[in-house]
Amino acid sequence: MRRQGTVMRAFGGFYYVLVESGFLTCKPRGKLRLEKDEILVGDRVEVSAVDDDTGIIEQVFDRKTVLSRPKIANVDLTVVVIAAKNPDPSTLLVDRYLALVAHHGLEAVLCINKADLVDESAIQSLFDIYRSAGYDVFVTAAIYGHGIDELRQRLSETTSVLAGPSGVGKSVIFKALCPEAEAKIGEVSRRTGRGRHTTRHAQLVRVEGGGLVADSPGFSYLRLDGISSSDLRLLYQEFRLYMQQCKFKSCLHRAEPECAVKEAVESGRIHRERYENYLKLLSEIELDQG
Ligand SMILES: Nc1nc2c(ncn2[C@@H]2O[C@H](COP(=O)(O)OP(=O)(O)OP(=O)(O)O)[C@@H](O)[C@H]2O)c(=O)[nH]1
Ligand SMILES: [Mg+2]
Ligand SMILES: [Zn+2]
């Protein structure tokens, strides 16, 4: 009998597929392996069951979205996780990643974790930057379980991925979101020489209240591959309100006269830090292309 499911985890050529009746450990049909270069976590697949626990992936359905970092399919929402401290937050890295996520057609929210390590004022300024840009912002201290219920509520009924720099607490948040699922799936991270656990692979689990959430390996640097300078300005959602009023349709909101985006920055309606990071990313893209 054939049934449909979702690839929750990939390991050593096996795929852990969630179907209605539970989990099947699967291998892809031989010809499928040649056609698709890889099957991704998040892929919707059709499997034929071999027995109660194992199956064969017969088909991979078309993907709704594919995110490049981490490599994961069919995710609707990215939770960009940063730490209030340790590691120190970089708005440039956040903005770079938000642009990348938007470029792949996914929605994003921000999660500021390790709120226990700084004063409220330090959180507030980060919070303001991204709230004013139109993003939902969650503040958590995951090791104490603070803020987790609010985040879980936002993640119910969607497929989402926790992404962000290494060491910000994604795996702690992931386990706090779904403690039971974690116990079932087992260890997904590796202890490094420095005594830290580092996530090696993306994997999905079910969230209470419906929906799926993935943990993923951290990153330190991201390239804006495939994004042109005229793409970038469209990836800033808060620019969209103003750009119709720019004198030039092709306005990159930099040196052009009568630029409504720059005016919105001057009058405080667009956050200056977002705009300054935009200019940095813009020159980076131009250098890459030049
Ligand atoms: N003070 C504080 N420490 C935290 C909090 N959340 C996580 N940590 C600590 O931060 C460290 C890194 O947490 P992880 O969850 O492994 O970080 P990660 O983002 O999954 O890292 P990678 O898997 O390498 O990408 C651990 O020592 C956690 O105990 C928090 O809310 N407050
Ligand atoms: Mg991790
Ligand atoms: Zn402009």
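Below is a summary of the structure that appears in this document. (Residues numbered from 1 in each chain as written. Chains lettered and ligands numbered in written order. Predicted model: local features only at pLDDT ≥ 70, side-chain atom pairs only at ≥ 80, totals over all residues. Heavy atoms only, no water.)

### A word on a nonpolar patch on the surface
On the surface, Ile143, Tyr144 and Val172 cluster together into a nonpolar patch covering about 320 Å² of accessible area. Residue position: Ile143 is located in the loop between β10 (137-139) and α4 (148-155). (Patch = residues over 30% accessible without salt bridge, like charges linked within 9 Å, V, L, I, M, F, W, Y side chains within 5 Å. Areas by Shrake-Rupley, 256 points an atom, 1.4 Å probe, with all protein chains shown as cover. Salt bridge = Lys/Arg side-chain N within 4 Å of Asp/Glu carboxyl O. Helix = DSSP H or I, 4+ residues; strand = E, 2+ residues; numbered from the N terminus.)

### Considerations on the packing of aromatic side chains
A full pass over the atoms with the stated rule returns eight aromatic pairs. Note on Phe11 and Tyr16: the rings are 6.4 Å apart at their centroids and 70 degrees apart in plane angle, and the pair reads as edge-to-face. For Phe11, a relative accessible area of 33% corresponds to the partly exposed category. Seen in terms of ring centroids, Tyr275 and Tyr278 are 6.3 Å apart; in terms of plane orientation they differ by 25 degrees. Their pairing is stacked. In this pair, Tyr275 and Tyr278 are both assigned in helix α10 (residues 272-289), three residues apart and thus about one turn of the helix distant. According to the relative accessible area criterion, Tyr275 is buried, its value standing at 7%. Here the aromatic cluster, defined as three or more aromatic residues joined through ring pairs, consists of Phe11, Phe14, Tyr16 and Phe23. (Phe/Tyr/Trp six-rings, centres within 6.5 Å; stacked < 30°, edge-to-face > 60°. Buried < 20%, exposed > 50% of the residue type's maximum accessible area, 1.4 Å probe, protein only.)

### Details of the coordination of the magnesium ion (ligand 2)
Around the magnesium ion (ligand 2), the protein contributes the donor atoms Ser171 (OG) and Thr199 (OG1), which lie 1.9 to 2.1 Å from the metal centre. With Ser171 in helix α5 (residues 170-177) and Thr199 in strand β13 (residues 197-199), the pair connects residues that are 28 residues apart, well separated along the chain. In this pair, the class of Ser171 matches that of Thr199, namely buried. (Donors = N, O, S within 2.8 Å, 3.2 Å for Na, K, Ca; no water.)

### Considering the sheet that holds strand β3 (residues 22-28)
As summarised here, the arrangement of the five strands in space is β1-β2-β3-β5-β4, forming a closed barrel in which the pairing is mixed. The average angle at which neighbouring strand axes cross in this sheet is 50 degrees, direction not considered. (Pairing = 2+ DSSP bridges. Axes fitted to C-alpha atoms, helices over the stretch in contact; angles between N-to-C directions.)

### Structural notes on the site of ligand 1
The environment of ligand 1 is made up of 21 residues, and the closest members are Asp116, Ala142, Ser166, Lys170 and Thr199. Residue Asn113 places a side-chain N or O atom 3.1 Å away from a nitrogen atom belonging to ligand 1. The side chain of Thr199 places a nitrogen or oxygen atom 2.8 Å from an oxygen atom of ligand 1. Expressed as a share of its isolated accessible area of 660 Å², the protein-covered part of ligand 1 is 83%. Secondary structure elements with two or more residues in the shell around ligand 1: α5 and β13. When the residues that make up the shell around ligand 1 are grouped by side-chain class, the tally is eight nonpolar, nine polar and four charged. (Near = heavy atom within 4 Å. Polar contact = N/O pair within 3.5 Å; in protein donor to acceptor, adjacent residues only side chain to side chain. Nonpolar A, V, L, I, M, F, W, Y, C, P; charged D, E, K, R; others polar.)

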